Amino acid sequence: MSTLSKTKLRRRLAVALCALICCALPVARAAAQTADSTSNAAKTAAACKPAANPPADAALKLPPLPPPAHVDQTMQLNGKTLHYTVTVGAWPVRDKSGKEVGQVVVTSYTMPGANRPVTFAVNGGPGASSAFLNFGAIGPKHLAFGNKGESPSEPLTLTDNQGTWLNFTDLVFIDPIGTGFSRSLVPEAQAKKLFYSTVPDIHYLSRVIYEWLVKNGRLDSRKYLVGESYGGFRGPRITYYLQSQLGVAMNGMVLISPYLNPTIDRDKDVSPLPWMMTLPSIVAAHLEREHKLTPQAMAPVIAYTEGDYATALIKGYSDPAATQAMIQRVTELTGLDPAFVKESGGRFSAAAYAREVHREQGKLGSVYDSNVTSFDPFPYAPQQEANDPILASVIAPLTSAMVNFVTQTVGWKVDASYYTLDYSVDRMWDRGAALRAGSVTQLRQAVAADPDLRVLIAHGWNDLVCPFMGSVLTVNEMPVMGDPTRVSVHEYPGGHMFYTRQASRMAFRKDVMAMYGKP
């Protein structure tokens, strides 16, 4: 991919994802640890010791990563004390010739107990580490970030996460190559081929999961995958590859703000789909500002979007009366300036809306959650020049918290930089045909092949990067294969990282627990 300007790069990240939030090799080793009913700290440390790990590629002059480290921790959850072990370790990744070409870092949280499920977590971007899901959503510790009014320079405070999944599943957070402390040991040109492309990315991450299960004797455990943003794109592809090629059947997928259909918003001049995706999220943000956002309030909005709104867009200039009625209705639903709605033709791009909705206050809305704002330092520029308000505020606290946790709490004394969100990975990523094909095909194939596989797709109402309507439309078109509830879409107050809001995180946890509890 050619070098992009900073502005274009930020725009690209907003569309392709982070995540929130949002990498790939033929062969991989995963950090391993024992987590059965007889596990203890000593066994965990022994299981995590890798095979002979040669020094980093001399040509890149990278200092070696330290051996795995572990620490026993406790937390309070619903009045009960959970005892768990955290393990952080780096493992070599080799090419077909056996040469070490990369190192992947895995952070695992395990508890003693028989028949515990195991959940593998990966974020997106491409270029995002798993810190978002770890400290924001499902790990045992929580860091406040990404919400309205928060400052990146506030003191770092990790609290016991009441929304954690650790009481009902072990957690394994994978940082793809180029994110977190995971790294390539080969020159950039070779790294692009080995790591930063759709197909090898899926194969590599699948091998990480496979190796972790084998090394820890967990192939007979119930197995789940959670992916956010581009990690949600990875989810169905990893699940189907494990299922069909590596011989590992997953019990379920949780896709958070998934990037399932990369091309769903193409053909904006003739297709109503791009505008059908953004309108409901814009209305949801407006309802939230008026303290009126509920599923009941959103139901007629979704019905209008799928009905009269889509019809008016398709008719276009052939039916001026329908267009005028649509513009009037959209003005009512969004609360936007009637002149802006008319000039936009009732069609709103994420970037245009995020800049317009708070313009009178001299602020920008985030495309990840338009109700989270920052001051616009370039209010008279023809296009947005500043970084997205959420992206600009979350990197510092997340990075500092993760580095402090890994190096001080766990004691993994690493001499390397930690990349919460690495823009260079996004710059190098191959966005060819494999990526543009999306992951809906693999989602359908995986569900069809296993009548017990369950999929929970979760979205924030206000997300304009991966709008919930895209998943609603996608699932609407899927054939019913057995139990119609096996694939479900859930929405929560908030944006792309809705889980940063405690109430949404708790509601999300409840829904996931219900899915894990089904046979």
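See the structure shown above.
Note that this is a predicted model, so its numbers are computed, not measured.

The rules we used
- Numbers given for residues are sequential positions, taken from 1 along each chain in its written order.
- Confidence filtering applies because this is a predicted model: local features only for residues at pLDDT of at least 70, side-chain atom pairs given and counted only at 80 or more, and all residues used for totals across whole chains, interfaces and linings.
- Hydrogens are left out, water is left out, and the side-chain values use all remaining heavy atoms of the structure.
- Counting from the N terminus, the helices are the DSSP runs of H or I reaching at least four residues and the strands are the DSSP runs of E reaching at least two.
- When accessible area is computed with a 1.4 Å probe and restricted to protein chains, residues below 20% of their type maximum are described as buried, those above 50% as exposed, and intermediate ones as partly exposed.
- Values of accessible area rely on a 1.4 Å probe in the Shrake-Rupley scheme; residue burial ignores everything except the protein chains shown.
- The pocket and cavity definitions rest on a 1 Å grid over protein atoms only: a 1.4 Å probe that fits but cannot leave marks a cavity, an open set with protein on both sides within 12 Å along at least five of seven lines marks a pocket, and residues lining either have an atom within 4 Å of a point.
- Grid points are joined across faces, edges and corners, and a volume is the space filled by probe spheres set on the points.
- Each residue receives one of three labels: charged for Asp, Glu, Lys and Arg, nonpolar for Ala, Val, Leu, Ile, Met, Phe, Trp, Tyr, Cys and Pro, and polar for the others, Gly being one of them.
- Here, nonpolar core refers to any group of buried Ala, Val, Leu, Ile, Met, Phe, Trp, Tyr and Cys residues whose side-chain atoms link them within 4.5 Å.
- One speaks of a salt bridge when a side-chain nitrogen belonging to Lys or Arg is within 4 Å of a carboxyl oxygen belonging to Asp or Glu.
- Only the six-membered ring of Trp is used, alongside the rings of Phe and Tyr, when aromatic pairs are assigned; centres must lie within 6.5 Å, and planes under 30 degrees apart are stacked while those over 60 apart are edge-to-face, with the rest tilted.
- Throughout this description, the term charge over a ring refers to an Arg CZ or Lys NZ atom that lies within 6 Å of the ring centre and within 35 degrees of the ring normal.
- The pairing criterion is simple: DSSP has to find at least two bridges between the two strands.
- A clockwise course of the path from the first strand over the helix to the second, judged with the strands pointing away from the viewer, identifies a crossover as right-handed.

**Q** I'm lost on the overall build of the protein in this one. Help?
**A** Check the secondary structure of the protein and you find 17 helices and 14 strands. Counting every position in the protein, which comprises 519 residues, the buried fraction comes to 59%. Here the protein has roughly 20,300 Å² of accessible surface; of this, 54% comes from carbon and sulfur atoms.

**Q** Explain empty space enclosed by the protein here, please?
**A** In this model, the largest cavity occupies a volume close to 30 Å³. Looking at the largest cavity, the residues that line it are Val88, Val105, Thr107, Asp175, Phe181, Met402, Val406 and Tyr418. Residue composition of the lining of the largest cavity, by class: 6 nonpolar, 1 polar and 1 charged.

**Q** Help me understand helix α3 (residues 131-138) in this model?
**A** An α-helical turn contains 3.6 residues, so any two residues separated by three or four positions project in the same direction. When you tally the buried positions in α3, you get 8 out of 8 residues, the bulk of the element. Regarding α3, the residues found buried are Ala131, Phe132, Leu133, Asn134, Phe135, Gly136, Ala137 and Ile138.

**Q** Please explain the layout of surface pockets as it appears in this structure.
**A** A probe as big as a water molecule, rolled over the atoms, marks out the empty space that is left. If you add up the space inside the second largest pocket, you get close to 380 Å³. If you go around the second largest pocket, you meet 21 residues; those closest to its centre are Leu62, Ser182, Arg183, Ser184 and Tyr419. Listing elements by their share of the lining of the second largest pocket, those giving two or more residues are β8 (183-184), α4 (188-194) and α13 (423-428). Among the elements that make up the lining of the second largest pocket, the one with the highest residue count is α13 (3 residues).

**Q** I tried to follow the nonpolar core on my own but got confused; where do I start?
**A** One broad rule of soluble globular proteins: the nonpolar side chains tend to lie buried together. Of all hydrophobic cores here, the largest spans 133 residues; its most connected members are Phe120, Trp165, Val254, Trp412 and Phe508. Counting residues per element, this core draws most heavily on helix α12 (residues 389-410), at 9 residues. By size, the runner-up hydrophobic cluster in this structure holds 13 residues, among which are Leu255, Ala446, Leu453 and Val475.

**Q** When you look at the environment of Trp91 in this model, what are you seeing that I'm missing?
**A** By the element assignment, Trp91 lies in strand β2 (residues 80-94). Considered as a pair, Trp91 and Pro68 are 23 residues apart in the sequence and their alpha carbons are 8.9 Å apart.

**Q** Sorry, what's going on with the pattern of salt bridges here?
**A** Pairing is possible between side chains that carry opposite charge, provided their charged atoms lie close to one another. Counted according to the given criterion, the structure contains 15 salt bridges. Note that Lys292 and Glu290 form a salt bridge whose closest N and O atoms lie 3.7 Å from each other. On the accessibility criterion, Lys292 (49% relative accessible area) is partly exposed. The class for Glu290 is partly exposed, based on a relative accessible area of 37%.

**Q** How should the packing of aromatic side chains be read in this particular structure?
**A** For any pair of aromatic rings, the description consists of the separation of the ring centres together with the inter-plane angle of the planes. All told, the structure shown has 25 aromatic pairs when counted by the stated rule. Judged by centre distance (4.7 Å) and plane angle (15 degrees), the rings of Tyr230 and Phe233 are stacked. Here the residue Tyr230 and the residue Phe233 both occupy positions in helix α6 (residues 230-246), the gap between them amounting to 3 residues, near one helical turn. Of the two residues, Tyr230 and Phe233, both sit in the buried class. Clustering of aromatic rings is evident, with ring pairs tying together Trp165, Phe168, Tyr224, Tyr492, Phe498, Tyr499, Phe508 and Tyr516. Over the ring of Tyr304 we find Arg329, and its NZ or CZ is 6.0 Å from the ring centre. For Lys363, the ring lying beneath its charged end belongs to Phe375, and the centroid distance is 5.0 Å.

**Q** Help me out: how do you make sense of the pairing of strand β14 (residues 487-492) in this one?
**A** Note on strand geometry: in a regular strand, side chains alternate between the two faces of the sheet. Direction of pairing for strand β13 (residues 454-460) relative to β14: parallel, over a ladder of 6 bridges. Opposite Leu456, over in β14, you have Ser488 as the bridge partner. The parallel pair β13 and β14, bridged by helix α16 (residues 468-476), forms a crossover whose chirality is right-handed.

**Q** Looking at this structure, I do not really get unusual backbone geometry. What am I missing?
**A** Across residues other than glycine, the phi torsion is negative in most instances, and most of the peptide bonds are trans. Residue Gly125 is joined to Pro126 through a cis peptide bond whose omega torsion reads -10 degrees. Position of Pro126 among the secondary structure elements: in the loop between β4 (118-122) and α3.

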